[in-house]
Amino acid sequence: MSAMTREETEALIQEVLEVYPEKAQKDRAKHLTVNDHEVEQSKKCITSNRKSLPGVMTIRGCAYAGSKGVVWGPIKDMIHISHGPVGCGQYSRAGRRNYYVGTTGINTFGTMNFTSDFQEKDIVFGGDKKLAKIMTEIESLFPLNKGITIQSECPIGLIGDDIEAVAKKTTKDIEKPVVPVRCEGFRGVSQSLGHHIANDAVRDWVLGNRDNDNSFESTPYDVTIIGDYNIGGDAWASRTLLEEMGLRVVAQWSGDGTLAEMENTPKAKLNLLHCYRSMNYISRHMEEKYGIPWMEYNFFGPTKIAESLRKIAGFFDDKIKEGAERVIEKYKAEYDAVIAKYRPRLEGKRVMLYVGGLRPRHVIGAYEDLGMEVVGTGYEFAHNDDYDRTLKEMGNATLIYDDVTGYEFEEFVKKVKPDLIGSGIKEKYIFQKMGIPFRQMHSWDYSGPYHGYDGFAIFARDMDMTLNNPCWNKIKAPWLKVDEAPEAAAAGA
Amino acid sequence: MPNVMIRVKDDGGLLFYIAKKDQEDEIATVEKDSDSEWGGVVELTDGSKYYIDPISPPPSFPTTLRFKRAE
């Protein structure tokens, strides 16, 4: 099927909307659009960051997911207490595959689940005493922790516990930072507000801790990686490139990151921001308070990597600029070989994406390097500034959907008939049963890294492995296959 | 009266960012932009207008300022 025209895409949106009641139809229409390169600002064509309609199947998370799961959780040497009932922490434990170096349970705690396990009596009488008690317990059981964060679950806000007071008192007792985070799940419309709350907690409780401490020796080439959660080792694949071009990476936020790294970030020369959505708040704050410039970069696919490396080098002297060229040159043979191998197998294939954060726009370049085309994209929890950045990346007349519902996504896929879908685990099995190759793009389908030149090779291999897998011809039961029946009978005989 | 963070863009233009609304827009014109003061009616590229009492001497960007909606 060739690319759809603008009219066809518009007609498709209308057709999908028809089943909704009038009011829902009006609301959902604002979240679906056809990309138009003439539109400069996304607010003219799409509405985002609004409450999901009751009754539709949304794929969003909550503020707790944004804070504990995304921003704070990967900080490896702090203990993150899921304060509230046991489920929120247990069912999200270690699911995001934020890799880290360290001995779990001794000096790092990334994959462990700490919870205050609220019971009925804690709801009735308040959980502050229990919280104080478990923090002293943590301190005696895991003395090598560098600090504790309290990640509130819904009941904490509902019963009005004063976790800030407990945090302040415990900080004095154990002489380590204790950070209360008010990320109750009911706040905001999606995980996006959780990112913001977590960023504000970093700003208020962590960032200024070493403002008067000059013992950290900085160099003119200090940079930080912000908004890279080291999924499957992403941040490591990014870090090697930056170090090879002569920069010194002093902090990783927050994949494989530590509290000390966060505290030293204000001493860096440049903040490199990968996930704009979840960490732009703290980058803006550091620019204002400490005068550290920040820039967004994209390490998916050789074209974007080269572009980003040159842009990063632009902030430094000629030594780094030469370094960037040297790195691009060094890996040229490697990534050319990857493209030569996989491009013929993937050329012309069409992809639909529906993820969160930065991927719906950042991975487009990587697909294009492999000769593939992204025909539809959308975010779970983006705001208008994300769509501003997306409109330019996407082709004209392609589909853009915000907070797409399960029904809409299925209908779009049935009509657009993409060759590959990249979305989350909740969508994976629906589409696989429909016979469409699928990659889970939240944590790289248990693969990775996908960032950097090393990651691109894995990305290309994974896409090929999924798309050209022979199993997609076997979806239909043999006796239902009409045209291939004689062949099947021959094989059986 | 939104709190607005103003920062200098890569191309030298001024970016008007309202954190509450996650709105990022470029400033098209500033009524008073001289060596001695900065402010007055600020018009964005999308046509909306905001007002701030002129600040003297001009602030150094990035900075957070409190604007009023004009008109």
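Keep in mind that what you see is a predicted model, and the values were worked out from it rather than measured. (Residues numbered from 1 in each chain as written. Chains lettered and ligands numbered in written order. Predicted model: local features only at pLDDT ≥ 70, side-chain atom pairs only at ≥ 80, totals over all residues.)

Trainee: Could you give an account of the overall build of chain A, with specific residues and numbers?
Mentor: The number of helices and strands found in chain A is 21 helices and 14 strands. With respect to the principal axes defined by its C-alpha atoms, chain A has extents near 75 × 60 × 55 Å. Evaluated residue by residue, chain A yields a buried proportion of 49% over its 493 residues. When contacts within chain A are restricted to residue pairs at least 6 apart in sequence, long-range pairs at least 24 apart make up 72% of them. (Helix = DSSP H or I, 4+ residues; strand = E, 2+ residues; numbered from the N terminus. Buried ≥ 20, exposed ≤ 12 C-beta atoms within 10 Å, placed from the backbone. Contact = placed C-beta atoms within 7 Å.)

Trainee: Which residues make up the overall build of chain B, and what values do they have?
Mentor: A count of helical and extended segments in chain B gives zero helices and seven strands. For chain B, the C-alpha atoms occupy an extent of roughly 30 × 30 × 20 Å along the three principal directions. Sequence separation of at least 24 residues holds for 21% of the intrachain contacts in chain B that already meet a minimum separation of 6.

Trainee: Talk me through helix α13 (residues 302-313) of chain A; I want residue IDs and the actual numbers.
Mentor: Residues and elements named next belong to chain A. End to end, α13 covers 16 Å across 12 residues, agreeing with the expected 16 Å (1.5 Å per residue, within 8%). Along α13, the positions that sit buried rather than exposed are Pro 302, Lys 304, Ile 305, Ser 308, Leu 309, Ile 312 and Ala 313. The buried residues of α13 occupy an angular sector of 165° when the element is viewed end-on, so they sit on one face. Tucked into the core, α13 has its buried residues touching α10 (234-244), β8 (270-273), β9 (294-296), α14 (318-346), α16 (364-369) and α20 (452-467). (Expected span 1.5 Å × (residues − 1). Arc of directions from axis to C-beta.)

Trainee: Go over the interface of chain A and chain B, please, and point to the residues and values.
Mentor: The extent of an interface is frequently quoted as the accessible surface area lost upon association of the parts. The interface is formed by nine residues belonging to chain A together with nine residues belonging to chain B. Those elements that provide at least two residues to the side of chain A that touches chain B are α12 (276-290) and α17 (384-393) of chain A. Of the residues that constitute the side of chain A that touches chain B, the class distribution is no nonpolar, four polar and five charged. (Nonpolar A, V, L, I, M, F, W, Y, C, P; charged D, E, K, R; others polar.)

Trainee: Explain the sheet that holds strand β6 (residues 63-66) of chain B residue by residue, including any values.
Mentor: All names here are of chain B. The strand order across the open sheet built from seven strands is β6-β1-β2-β3-β4-β5-β7, with neighbouring strands paired in antiparallel fashion. Bordering the open sheet on either side are β6 and β7 (68-69), each of which pairs with just one other strand. By the bridge criterion, five bridges tie strand β4 (residues 38-44) to strand β5 (residues 49-55) in an arrangement that is antiparallel. Directly across from Glu 43, in β5, lies its bridge partner Lys 49. (Pairing = 2+ DSSP bridges.)

Trainee: If you had to explain the sheet that holds strand β7 (residues 248-254) of chain A to someone new, which residues and values would you point to?
Mentor: Residue and element names in this part refer to chain A. Spatial strand order, β7-β6-β8-β9: four strands in an open sheet with parallel pairing. Because the sheet does not close on itself, it has two edges, and the strands there are β7 and β9. Direction aside, the axes of adjacent strands within the sheet are offset by 25° on average. Both strand β6 (residues 222-228) and β8 contribute to a ladder of four bridges, which runs parallel. Across the sheet, Val 223 pairs through a bridge with Leu 270, a residue of β8. The sheet strands contacting α12 are β6, β7, β8 and β9, and the helix crosses β8 at an angle near 165°. (Axes fitted to C-alpha atoms, helices over the stretch in contact; angles between N-to-C directions.)

Trainee: For the packing of helix α6 (residues 128-141) of chain A against helix α8 (residues 163-174) of chain A, give the residues involved together with the corresponding values.
Mentor: A pair of packed helices can be characterised by two numbers: the angle between their axes and the separation between those axes. All names here are of chain A. Contact geometry of α6 with α8 gives a least axis separation of 10 Å together with a crossing angle of 30°. Classed by the angle they form, the pair α6 and α8 counts as roughly parallel. Where α6 crosses over α8, the handedness of that crossing is right-handed. On α8, the residues touching Asp 128, Leu 131, Ala 132, Met 135, Thr 136 and Glu 139 of α6 are Ile 163, Val 166, Lys 169, Thr 170, Asp 173 and Ile 174. The residue makeup of the contact of α6 with α8, split by class, is six nonpolar, two polar and four charged. (Parallel < 35°, antiparallel > 145°, perpendicular 65-115°, else oblique. Left-handed = near helix turned anticlockwise from the far one by under 90°.)

Trainee: Explain the environment of Asn 469 of chain A residue by residue, including any values.
Mentor: Positionally, Asn 469 of chain A belongs in the loop between α20 and α21 (485-492). Asn 469 of chain A gets classed as exposed once you count the C-beta atoms within 10 Å, which come to 11.

Trainee: I'd love a proper account of the confidence of the model for chain B, names of residues and values included.
Mentor: Predicted coordinates in regions of low pLDDT should not be interpreted in detail. When pLDDT is averaged along chain B, the result is 86, and 100% of the positions lie at 70 or above. Scored by ipTM, the complex comes to 0.86, with pTM at 0.93. (pLDDT = per-residue confidence, 0-100.)

Trainee: An account of unusual backbone geometry is needed here, citing residue identities and associated values.
Mentor: Cis peptide bonds are those with omega within 30 degrees of zero, and the linkage from Gly 448 of chain A to Pro 449 of chain A qualifies with 0°. In this chain, Ser 56 of chain B is followed by Pro 57 of chain B through a cis amide linkage whose omega measures -5°. With respect to the helices and strands, Pro 57 of chain B occurs in the loop between β5 and β6. Although it is not a glycine, Asp 445 of chain A sits at a positive phi angle of roughly 50°. Following the sequence through the fold, Asp 445 of chain A ends up in the loop between β14 (438-440) and α20. Unusually for a residue other than glycine, Tyr 446 of chain A sits at a positive phi of about 65°. As for its position among the elements, Tyr 446 of chain A is in the loop between β14 and α20.

Trainee: Can you tell me about the environment of Val 4 of chain B, naming the residues and giving the values?
Mentor: Inspection of the secondary structure assignment puts Val 4 of chain B in strand β1 (residues 3-8). Once you skip the residues sitting within four places of it in the chain, Val 4 of chain B turns out to touch Phe 16, Tyr 17, Ile 18, Thr 64, Leu 65 and Phe 67 of chain B.

Trainee: Can you lay out the packing of α14 of chain A against α20 of chain A for me, pointing to particular residues and giving the numbers?
Mentor: All names here are of chain A. Relative to each other, α14 and α20 sit at 10°, their axes nearing to 10 Å. Between α14 and α20, the angle falls in the class roughly parallel. The hand of the α14/α20 crossing is left-handed. Listed contacts from α20 to Tyr 331, Glu 334, Tyr 335, Val 338, Tyr 342, Arg 345 and Leu 346 of α14 are Tyr 453, Phe 456, Ala 457, Ala 460, Met 463, Asp 464 and Leu 467. A class-by-class count of the residues in the contact of α14 with α20 yields 11 nonpolar, no polar and three charged.

Trainee: Give me the lowdown on the pairing of β7 of chain A, citing residues and values where you can.
Mentor: Residues and elements named next belong to chain A. The element β7 is largely enclosed, with a buried count of five among its seven residues. Across six bridges, the pairing between β6 and β7 is parallel. Opposite Val 223, over in β7, you have Val 249 as the bridge partner. In this view, the connection linking β6 to its parallel neighbour β7 by way of α10 has right-handed handedness. (Right-handed = clockwise from strand over helix to strand, strands pointing away.)

Trainee: Pulling in residues and values, what's your account of α14 of chain A?
Mentor: All names here are of chain A. Where α14 bends most, at Lys 332, the angle is about 45°. Within α14, burial applies to Ile 320, Gly 323, Ala 324, Val 327, Tyr 331, Tyr 335, Val 338, Tyr 342 and Leu 346. Packing partners of the buried residues in α14 comprise α10, α13 and α20. Where α14 terminates, the next one or two residues include Gly 348, which has phi positive at roughly 80°. (Bend = angle between axes of the 7 residues up to and from the residue.)

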